[in-house]
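Architecture at a glance
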Amino acid sequence: MLSRVANALLLIGRSIERAEHVARVVDVTTNLTLDGPVRDPERRWRHVAEICRARADIDEDGIDATFAGTGRYLAVEESNRGSSIACLTTARETARSVRESISSETWEQINRLYWQVTERAPYWSRNPHDFFQSVKTGCHLLHGVIDDTMVHDEGWHFLSLGKMLERLTNTVQLIDLEREYSATDVTEDPGVWAAVLKSCSAFEAYKRGVSSAVTSHDVIKFLMFGTSFPRSSLYCAIQVTEIVRDITLTSGVKGTRDIVLERLSGRVRSTLEFADPDETTVAEGDRFFKTLRRSCHDLEQAIPEAYFLPGHEVRPGFLDIAPQQQQQQQ
Amino acid sequence: MQAKSPFFAYDTGSFFDEMFASPGQPRAHYRALVEALGHMDPAERQERQRAVSQSFFNQGITFTVYSEEEGIEKIFPFDPIPRIIPADEWRIIDTGLQQRIIALNMFINDVYHDQRILQEGIIPAELVLTGVHFRPEFVGFTVPKDVYIHIVGSDLVRDEHGTYYVLEDNLRSPSGVSYVLANRQVMKWVFPNLFEQYQVQPVDSYSSDLIRNLRWIAPPHTDNPKIVLLTPGIYNSAYFEHTYLAKQMGIDLVEGQDMLVDNNIVYVQTTKGRERVDVIYRRIDDDFLDPLAFRPDSLLGVPGLVSAYRAGNVSLANTIGTGIADDKAIYAYVPEMIRFYLSEEPIIPNVPTYLGYRESDLAYILDNLDSLVVKATNEAGGYGMLIGPHSTKAQQMEFRHKVAADPRNYIAQPTLSLSRHPAMDEDGFRGCHVDLRPYVLYGEKVTVMPGGLTRVALRAGSLVVNSSQGGGSKDTWVLAE
């Protein structure tokens, strides 16, 4: 398929996942900071900003580390490229530029979700949980539509790759940052680690599958290494290696770049598969997570090189040439 | 007690009304529709109209109006009262358009080869050679199957007697067919009851007909040609149509940046590497196709594309250089083309046209700016046009200067009393001027899609149907025999 289109589909997959992730994380934090003043809400909001890659903005632009400040900035601020709403906008605009490569149902659902969320955005704070629910539900619906209405060919693989890659890196980063945050705590706060689970929609699964007691050790283990929980890092890493292999199979060609990708994705997977849980705890996990995050980063960097021509700058749909494009149509 | 017809207050004015032969008397082929509309109360009609808008909105069938920094997405306005054309009327349009398109194709072929029609003095050579879209560098170049105009949209209008005329031909990048297909789909979803009484000819073979024709013109080296649709990109007002057609035909939608030319062969960049391209359905004007051949500042084209085209390694639909034949001054000679190439009389007449190029016509034009419609020969979208009776003295003065400065590039026509059709408004129905754009495909056979886009001037009293200036569209029903 066209390199530009493949890149666009990857971006769409990532944007949707990120929109949902930000919505979930902000939702959980809003909840967490409402009760328990001992939880230092300001520090918590700054922490969330870091999870959502907006820490620098908060610090530099003097945005309040509060629900009304940071919460709003992460939820509905259009100028924040990583906000939930901006991610949906990116997904929609990019989808529009490759509309012929996705099913009509997929386009329609992205379009509807975009309008639903943008129309509600001005009133989001009246019922924030409801707002975030609509983002999450809309994204879930979208995944279902994509899976059920698109042929599972190269295009679908790139959408999935974007989603899984984003989910993988988000989960790893979330846990690592939480470890850092908690490193200075004398005693563990189970409420905070329960919030981590909820940030990954994993609370019930954990309670059912692991134990009723929430400890950082078990939460990390569950979210990093659980193979049957669809949001665990290992699960995502396995998916990524399989998708990379499927893309190679679909194209029928295995070049050096494909081999590089297989190696890098395999490295992430095996780091997780063969990890010693004792080396991943709050206290002991620094080295492990540093290595893991670097491997994830290498993988992310290798993808454009593998699939989209080197030096070929691809910016789907956002080129600066509007005037020429608006030429005569009879 | 019989409920009042929703049309009881409808005013046909002095125009030919598509629906009513006289006030209160629907034409035979509209009777069932009028009755069905009568059974719907106004609230229901409005609600279904809203469902239509919502459907278009959800599907993202919008066009974008660009002004300064922002683009505003608007739904292409749609009026749900269908325009109905009975079979016998359509037969005339069908045969008339086929005749016209064949003659136009022969004209283009002639003008880029022996130029017989110019040698015989039927059309002044100067007029052709000074045509803005004439490509002298392609004289002598032979195109696949000698077909130049694979896709044509000709605009038809009716006068106060109901006579059809061809108003203009669009032979470069005619657009709007996707709205025809989308309109039909939405009508079926939202107003299925209206279809019950009629046998409407389907329009859904368009994309399979088109792809078949595109395959037909492919260079001979392969049995499985790669066909793509070349778009200027998402900022183009017709972008929705580009994606729609590409999807319907199952072909890649590409931008200039996706392609490259090497050794006179066109390739598209894919995740597997390069793939050769054989046929390009291009929705980009000649000028922007190739910075090495035409406008060097074009970012939309592919450097080297024209070389590959000349080498016969890639086919283009429509070919380069067709614009000479939809120059409005050349339009005036289409009846002569039909006589010269086919030895036939035109089945559908032209609108009488005065050419700035002809001295006697020029004097007449300048003296009658307040009663004529004056048009620039090579603009589209309803721009570069003066509608005499609706214009101010200042606008007439402006056009006087323009026409006098460049007479070859202006024509004028009498202001036609265009036919009208009821369209829904807040209270009931209002008569709006309409035209009709059927789409014609030229492949091994010439096929005219039954129906086409009925464009409607929705602004009260307006004669301008173009979407960029407040126009909308209706579904067009051609009835089966």
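Whatever comes next refers back to the structure up there.
Note that the structure is a prediction, hence the values are computed from the model and not measured.

Criteria and cut-off values
Residues numbered from 1 in each chain as written. Chains lettered and ligands numbered in written order. Predicted model: local features only at pLDDT ≥ 70, side-chain atom pairs only at ≥ 80, totals over all residues. Heavy atoms only, no water. Axes fitted to C-alpha atoms, helices over the stretch in contact; angles between N-to-C directions. Helix = DSSP H or I, 4+ residues; strand = E, 2+ residues; numbered from the N terminus. Parallel < 35°, antiparallel > 145°, perpendicular 65-115°, else oblique. Left-handed = near helix turned anticlockwise from the far one by under 90°. Contact = heavy atoms within 4.5 Å. Nonpolar A, V, L, I, M, F, W, Y, C, P; charged D, E, K, R; others polar. Salt bridge = Lys/Arg side-chain N within 4 Å of Asp/Glu carboxyl O. Polar contact = N/O pair within 3.5 Å; in protein donor to acceptor, adjacent residues only side chain to side chain. Patch = residues over 30% accessible without salt bridge, like charges linked within 9 Å, V, L, I, M, F, W, Y side chains within 5 Å. Areas by Shrake-Rupley, 256 points an atom, 1.4 Å probe, with all protein chains shown as cover. Lys, Arg positive; Asp, Glu negative; His and termini not counted. Charge placed at Lys NZ, Arg CZ, Asp CG, Glu CD. Buried < 20%, exposed > 50% of the residue type's maximum accessible area, 1.4 Å probe, protein only. Pairing = 2+ DSSP bridges.

1. Points about the packing of helix α8 (residues 154-182) of chain A against helix α11 (residues 216-225) of chain A
Residue and element names in this part refer to chain A. Where α8 meets α11, the closest approach of the two axes is 10 Å, and the angle between their N-to-C directions is 165°. Taken together, the axes of α8 and α11 are roughly antiparallel relative to one another. For the element pair α8 and α11, the recorded crossing hand is left-handed. Where α8 abuts α11, its residues Thr171, Val172, Ile175 and Arg179 lie against Ile220, Leu223 and Met224. Partitioning the contact of α8 with α11 into residue classes produces five nonpolar, one polar and one charged.

2. Some words on the interface of chain A and chain B
Of the residues lining the interface, 39 residues belong to chain A; the matching set on chain B comes to 51 residues. Here chain A and chain B share two salt bridges between them. Notably, a salt bridge pairs B:Asp258 with A:Arg4, separated by 2.5 Å at the nearest N-O pair. Summed over the shared surface of chain A and chain B, the number is 16 residue pairs in polar contact (both at pLDDT 80 or more). Among the elements of the structure, α1 (3-34), α5 (84-97), α6 (104-120), α8 and α15 (322-325) of chain A are those that each provide at least two residues to the side of chain A that touches chain B. No other element matches the six residues that α6(A) contributes to the side of chain A that touches chain B. Tallied by class, residues from the side of chain A that touches chain B come to 14 nonpolar, 15 polar and ten charged.

3. Concerning a positive patch on the surface
All names here are of chain A. On the surface, Arg263, Arg267, Lys290 and Arg294 cluster together into a positively charged patch. Sorting the residues of the positive patch by element identifies α13 (256-273) and α14 (286-307) as the ones contributing at least two each. Secondary-structure assignment places Arg267 in helix α13. Residue Arg267 is classed as partly exposed on the basis of its relative accessible area, which comes to 38%.

4. Some thoughts on the pairing of strand β7 (residues 164-170) of chain B
Residues and elements named next belong to chain B. Within β7, seven of the seven residues are buried, which leaves it mostly tucked inside the rest of the structure. Pairing of strand β6 (residues 151-158) with β7 involves six bridges; the strand directions are antiparallel. Residue pairing for β7: Ser154 is matched across the bridge by Asp169. The turn linking β6 back onto β7 is made up of five residues, and Gly162 within it adopts a positive phi angle of 90°.

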